[in-house]
Amino acid sequence: MRIATFNINGIRAAQRRGFEDWLRERNPDVVALQEVRAPAAAIPQGVFGKYHLAYDEGTLPGRNGVGILTLHEPAAVRTWSGTALLRLPGEEHVDRIEFDRGALARGLSEFAHEGRYVEVDLADAPITVASLYLPKGGLPAHLQKPGRMRDEPDGGMRYQRKMRFLSAFARQLTRSRLAARAQGREFLIMGDFNVAHTRYDVRNWRRRGQAEGFLPEERAWFDSLLSPRTLVDVVRRHHPEVDGPYSWWSWLGESFASDSGWRIDYHFATPRLARTAISAGTDRDPAPDRRISDHAPVVVDYDI
């Protein structure tokens, strides 16, 4: 079973840059999407081809939006908002269904309607699959230096908001993993976590120690998620102690050409599922002018 995660940085732009070609050529069974950035009515006709779509667009115009594509209609769909767009292949309706989302972990309601999380129970394998788009955040106030930042100083507000998300999401992630186990399912969460975990996950890591996405407290949060008994970083297991494979490069300068990237897109699987992975890596575009997104798809083949 080929499973991919892909932050497409806007489905309309990604379509123009070749997303449909990638989808057809790689032929994954499941794709987790982030930053779809489109209301249901604006999703290009036919862009998802033969796939079923489960999508939470959120309420922030032109931002966020997470989805999961599957070859078979999911057995169940859940989002934090309690609503989702479900489409069969070829459908174009914009109607959302409502369902009982259940209780969210303390602190998560603040983010529930932003289009950041969707999960499905696969119909053709005993796996629950989730797609996550984690807030980018910012720097704490004491690291903000006017004139040396791309964004205006905000007193640490974006940083504090991200840290609230991390704390709440860790509790919710444990709930989702245990709920899957109670149903006899493995659990796989994928997506753009906007954090590079270790020195091997960002180029020039020594200079990044005070950069958002590589702060010590963000990396410590990652440490708390992963263990041989809970969740395993599948790609890192296949590429131990090597730089990359990176999954994000800035559009600016020569970052892509020089492979000065970050690994911030992940497959985290329960241990039994992780052991079935037979290949894992990124589909790095062949040239800067042929990039579909500023992210590359992260693709794993599981021998299920």
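Keep in mind that this is a model prediction, so the values were computed, not measured.

1. Focus: the sheet that holds strand β5 (residues 76-79)
In spatial order, the strands read β5-β8-β9-β10-β12-β11; together these six strands make up an open sheet with mixed pairing. Single-partner strands in this sheet number two, and they are β5 and β11 (232-233). Across four bridges, the pairing between β5 and strand β8 (residues 117-121) is antiparallel. Within the sheet, the bridge partner assigned to Ala76 lies in β8 and is Asp121. Along the sheet, helix α3 (residues 157-182) contacts β8, β9 (127-133) and β10 (186-192); its crossing angle with β10, the most-contacted strand, is approximately 150°.

2. Focus on the nonpolar core
Core analysis: the largest hydrophobic core is formed by 28 residues, its most contacted members being Val129, Leu188 and Tyr302. Not counting residues within four places of it along the chain, the set of residues in contact with Tyr302 comprises Met1, Ile3, Leu188, Val234, His267, Leu273, Thr276 and Ala277. Membership of the second largest hydrophobic core comes to 27 residues, among which are Leu108, Tyr117, Leu134 and Trp221.

3. Some words on the packing of α3 against helix α4 (residues 216-225)
Relative orientation of the contacting elements α3 and α4 amounts to 5°, with a least axis distance of 11 Å. Comparing the axis directions of α3 and α4 gives the class roughly parallel. Counting all contacts with α3, which are made through Tyr159, Lys162, Met163, Leu166, Ser167, Phe169, Ala170 and Leu173, the residues of α4 involved are Glu217, Glu218, Trp221 and Leu225. Here the contact of α3 with α4 is composed, by residue class, of eight nonpolar, one polar and three charged.

4. Brief notes about the UniProt feature "binding site: Mg(2+)" (unreviewed entry) in the protein
Under the UniProt annotation, "binding site: Mg(2+)" (unreviewed entry) lies at Asn7, Glu35, Asp192, Asn194, Asp294 and His295. On the basis of their most widely separated C-alpha atoms, the annotated residues across 289 residues gather in one place, lying no more than 12.9 Å apart. Its location among the elements puts Asn7 in strand β1 (residues 2-7). Taking the relative accessible area as the measure of exposure, Asn7 reaches 0% and is therefore buried. Leaving out residues up to four positions away in the same chain, Asn7 has contacts with Gln34, Glu35, Tyr133, Asp192, Asp265, Ser293 and His295. Within the structure, Asn7 has its side chain in polar contact with the side chain of Glu35 (distance 3.0 Å). Tracing the sequence through the fold places Asp294 in the loop between β13 (277-282) and β14 (298-302). Residues contacting Asp294, with those up to four places away along its chain left out, are Asn9, Ser247, Trp248, Trp249 and Trp251. Only 3.1 Å separates the side chain of Asp294 from the side chain of Trp248, close enough to count as a polar contact.

Thresholds, definitions, all that
Residues numbered from 1 in each chain as written. Predicted model: local features only at pLDDT ≥ 70, side-chain atom pairs only at ≥ 80, totals over all residues. Heavy atoms only, no water. Pairing = 2+ DSSP bridges. Helix = DSSP H or I, 4+ residues; strand = E, 2+ residues; numbered from the N terminus. Contact = heavy atoms within 4.5 Å. Axes fitted to C-alpha atoms, helices over the stretch in contact; angles between N-to-C directions. Core = buried A, V, L, I, M, F, W, Y, C linked by side-chain atoms within 4.5 Å. Buried < 20%, exposed > 50% of the residue type's maximum accessible area, 1.4 Å probe, protein only. Parallel < 35°, antiparallel > 145°, perpendicular 65-115°, else oblique. Nonpolar A, V, L, I, M, F, W, Y, C, P; charged D, E, K, R; others polar. UniProt positions renumbered as here; feature names shortened; annotations may be inferred. Polar contact = N/O pair within 3.5 Å; in protein donor to acceptor, adjacent residues only side chain to side chain.

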